[in-house]
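Listed below are the residues making up each chain.
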Amino acid sequence: MEEEEKVRAEATEIISLFPVLPKLVVFDLDYTIWPYDCDHYSKGELPYPPYPHATGITQALKDKGIDVAIASRSPRPDIAKSFLEIMGIQSLFVAQEIFCSWTPKTEHFKGIQRTTGIPFSSMLFFDDDYRNTQAASRMGVTCVLVEDGVNLEKLRLGLSTYANKFANPNRNQTQQHD
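Residues numbered from 1 in each chain as written. Predicted model: local features only at pLDDT ≥ 70, side-chain atom pairs only at ≥ 80, totals over all residues. Heavy atoms only, no water.

K.L.:
Even after reading the chapter, I still don't get the pattern of salt bridges, so can you show me in this structure?
P.N.:
Pairs can form between side chains of opposite charge whenever their charged atoms are close. Per the stated rule, a full pass over the model turns up 10 salt bridges. The shortest N-O distance in the salt bridge between glutamate 107 and lysine 110 comes to 3.3 Å. Remark: lysine 110 and glutamate 107 occur in helix H4 (residues 105–116); sequence separation between them is three residues, near one turn of the helix. Taking the shortest distance from any N to any O, the salt bridge between arginine 131 and aspartate 129 comes out at 2.7 Å. Note on arginine 131: relative accessible area 62%, which makes it exposed. The network of salt bridges with common partners includes Glu5, Arg8 and Asp63. (Salt bridge = Lys/Arg side-chain N within 4 Å of Asp/Glu carboxyl O. Helix = DSSP H or I, 4+ residues; strand = E, 2+ residues; numbered from the N terminus. Buried < 20%, exposed > 50% of the residue type's maximum accessible area, 1.4 Å probe, protein only.)

Structure (structure tokens):
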């Protein structure tokens, strides 16, 4: 728990550095929040802890008034939700688009937008799958590809990329469609 609080404090500090922030930060689950496919396990207990920075980052975002959501494909959404519950963060998410359809991530984002009313251009997304980040990016979402889960370095990169998008609006004109 002490490490989690340290990460939360560092994430809060990082968030404070940026004058322009997303209204919503969206996370994939498998290999982004935790280091495995959750559907290979059963409900009730986490087989391994989540990535070390995941919980602290989500809590810091909420502390700073930034909504968080989930966009995840899983054959067993019930297991994913039980893992979030065990981690103590399920209630932090304003939208949870977790379903087993293998349709593009764009369907998750359409659902998140319907639920929250937040434009795609005001969203930041973390995922371990390049195809998902490309699909969401075409919708106007700022995306960050993570290889070893979400961490403080990727948070800083995402917030910097997001802030730069608004500092140089002509560079990203095609990504501003909602």
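K.L.:
Looking at this structure, I do not really get the pairing of strand E5 (residues 142–145). What am I missing?
P.N.:
Along a regular strand, successive side chains alternate from one face of the sheet to the other. With burial as the criterion, only one face of E5 is covered, namely that bearing Thr142 and Val144; the residues Cys143 and Leu145 on the opposite face remain uncovered. Handedness of the crossover is the feature at issue here: the chain leaves strand E4 (residues 123–127), passes through helix H5 (residues 130–138), returns alongside E5, and the resulting connection is right-handed. (Right-handed = clockwise from strand over helix to strand, strands pointing away.)

K.L.:
Please clarify how the packing of helix H1 (residues 2–16) against helix H6 (residues 152–167) should be interpreted in this entry.
P.N.:
Angle between the axes and distance between the axes: these two values describe a pair of packed helices. Closest axis-to-axis distance for the H1/H6 pair is 10 Å, and the angle between their directions is 15 degrees. The angle between the axes of H1 and H6 places the two elements in the roughly parallel class. Of the two possible hands of crossing, H1 and H6 adopt the one that is right-handed. Here Val7, Glu10, Ala11, Ile14 and Ile15 of H1 come into contact with H6, specifically with Leu152, Leu155, Arg156 and Leu159. In terms of residue class, the contact of H1 with H6 is built from seven nonpolar, no polar and two charged. (Axes fitted to C-alpha atoms, helices over the stretch in contact; angles between N-to-C directions. Parallel < 35°, antiparallel > 145°, perpendicular 65-115°, else oblique. Left-handed = near helix turned anticlockwise from the far one by under 90°. Contact = heavy atoms within 4.5 Å. Nonpolar A, V, L, I, M, F, W, Y, C, P; charged D, E, K, R; others polar.)

K.L.:
For this particular structure, what's the right way to read the nonpolar core?
P.N.:
The nonpolar side chains of soluble globular proteins are, as a tendency, buried together. The biggest cluster of nonpolar side chains holds 37 residues, and the ones touching the most others in it are Phe27, Trp34, Ile57, Leu61, Phe126 and Leu155. Elements that contribute at least two residues to this core include exactly H1, strand E1 (24–27), helix H2 (54–63), strand E2 (67–73), helix H3 (77–87), strand E3 (93–99), E4 and H6. Ranked by residue count, the leading element in this core is H3, at five residues. Excluding anything up to four places from it in sequence, isoleucine 57 contacts Val7, Ala11, Phe27, Val150, Asn151, Leu152 and Leu155. Counting residues in each nonpolar core, the second largest holds 14 residues, with Leu24, Ala69, Phe109 and Met123 among its members. (Core = buried A, V, L, I, M, F, W, Y, C linked by side-chain atoms within 4.5 Å.)

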